[in-house]
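# Architecture at a glance
Residues per chain, in single letters:
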Amino acid sequence: MSQPRPASRPVIGVTLDAEQPGGYSKLPWYALRQNYFDAIAAAGGLPVALPHAPDLANDYLDRLDGLVVTGGAFDVDPALYGGGPLHPTVALKPGRTEFELAATREALRRDMPVLGICGGQQLLAVAFGGTLHQHIPDAVPGALPHEQPNPRTEPGHEIAVAEGTLLARIVGRPRMAVNSAHHQAVDRPGEGALVNATAPDGVVEGVEHPAYRFALGVQWHPEYAVDPADTLIFDAFVAACAERAARR
Ligand SMILES: N[C@@H](CCC(=O)NCCCC(=O)O)C(=O)O
């Protein structure tokens with residue numbers, strides 16, 4: 001389902017990963033791959049990076065038409081979804097999660113379009129009231145090797161798109177090749193939320209919530225456009241942001 005390009009670009013916030021001193025800088029720094037911004041701009045949006053400032057979440061959202069919660073080298077604290085003791089593989093970035101959860105919950109309250117990608121999809125599920133598997137190999141017997149070694153520019157497996165979902169309406173296909181690479185996954189999507197994509201082993205690869213105009217998360221990385229249908233996800237998201245901008 002291709003979308004017409006918006007006449008004027010909706011302003012879309014993009015969350016960042018946070019890194020400790022070392023490598024790029026001797027001071028703390030933010031990080032994010034360029035193709036998140038490229039994919040939003042190619043779909044007609046105006047991407048802007050959002051630093052981790054929970055107290056400024058409202059100020060940022062006052063100026064935004066949509067929010068992309070990105071992936072990164074982080075996990076969501078199981079304490080935020082009643083997940084029990086921390087699994088030894090879980091890597092926390094409290095500052096990132098505090099900001100992203102505040103911004104995502106407020107964006108949902110405002111019914112602002114939200115797109116969650118990879119770890120951002122997992123955070124979105126937690127914002128829906130859902131739960132996560134802290135480490136797939138220990139939680140899902142016989143699971144595929146979801147922390148795939150292949151480059152993100154290549155698919156690792158297919159996913160089945162659930163009929164009757166927003167994702168199904170966007171991609172217009174029952175299956176997609178995806179490049180997801182993760183050690184966690186959504187367990188329960190949250191009250192009223194839906195699982196819209198699953199891997200061949202049944203592991204959740206996408207969630208959405210029909211109570212909102214556009215609240216959708218995918219475990220894979222559509223910004224690489226590994227599957228032609230990936231660009232349709234950004235087209236639909238940016239179109240939803242443009243619609244909201246027109247209503248403001
Ligand atoms: N908690 C998640 C994190 C997965 C994720 O966001 N990976 C992205 C890696 C960096 C990138 O390509 O953006 C998990 O299940 O591992």
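For the structure itself, consult the block above.
Read on for a plain summary of the structure. Since the model is a prediction, treat every value here as computed from it, not as a measurement. (Residues numbered from 1 in each chain as written. Predicted model: local features only at pLDDT ≥ 70, side-chain atom pairs only at ≥ 80, totals over all residues. Heavy atoms only, no water.)

Moving on to the nonpolar core. If you look at the biggest cluster of nonpolar residues, it comprises 33 residues, and the most contacted ones within it are Leu167, Ile170, Leu216, Trp220 and Ile233. Of all elements in the fold, only β1 (11-15), α1 (34-42), β6 (114-117), β8 (157-161), α6 (166-171), β9 (175-178), β13 (215-218) and α7 (230-247) reach the threshold of two or more residues within this core. The biggest single contributor to this core is α7, with eight residues. In contact with Trp220, other than residues within four places in its own chain, are Ile117, Cys118, Ile159, Leu167, Met176, Val178, Asn179, Ser180, Ala197, Glu205, Asp230 and Ile233. Counting 28 residues, the second largest nonpolar core, distinct from the first, contains Ala57, Phe74, Leu124 and Ala193. (Core = buried A, V, L, I, M, F, W, Y, C linked by side-chain atoms within 4.5 Å. Buried < 20%, exposed > 50% of the residue type's maximum accessible area, 1.4 Å probe, protein only. Helix = DSSP H or I, 4+ residues; strand = E, 2+ residues; numbered from the N terminus. Contact = heavy atoms within 4.5 Å.)

Take the packing of aromatic side chains next. Counting across every chain of the model gives four aromatic pairs. Ring plane angle 80° and centroid distance 6.5 Å describe the contact between Tyr60 and Phe99, whose orientation is recorded as edge-to-face. Placement of the pair is Tyr60 in helix α2 (residues 57-62) and Phe99 in helix α3 (residues 94-109), with a sequence separation of 39 residues. For Phe99, a relative accessible area of 1% gives the class buried. The ring of Phe74 carries the charged tip of Arg96 above its face, separated from the ring centre by 4.0 Å. (Phe/Tyr/Trp six-rings, centres within 6.5 Å; stacked < 30°, edge-to-face > 60°. Lys NZ or Arg CZ within 6 Å of the ring centre and 35° of its normal.)

Moving on, we come to the pattern of salt bridges. Taken as a whole, this structure holds 13 salt bridges when the rule is applied. Residue Lys93 is joined to Asp17 by a salt bridge in which the shortest nitrogen-to-oxygen separation is 2.9 Å. With a gap of 76 residues between them, Lys93 in the loop between β5 (66-69) and α3 and Asp17 in strand β2 (residues 17-19) connect regions that are remote in the sequence. With respect to burial, Lys93 and Asp17 carry one shared label: buried. Between Arg33 and Glu223 there is a salt bridge, with the nearest N and O atoms lying 3.1 Å from each other. Residue Arg33 is located in the loop between β3 (29-31) and α1, and its partner Glu223 is located in the loop between β13 and α7; the two are separated by 190 residues in the primary sequence. Owing to a relative accessible area of 30%, Arg33 belongs among the partly exposed residues under this scheme. A cluster of three or more residues bridged by salt bridges with shared partners is formed by Asp17, Glu19, Lys93, Arg96 and Glu100. (Salt bridge = Lys/Arg side-chain N within 4 Å of Asp/Glu carboxyl O.)

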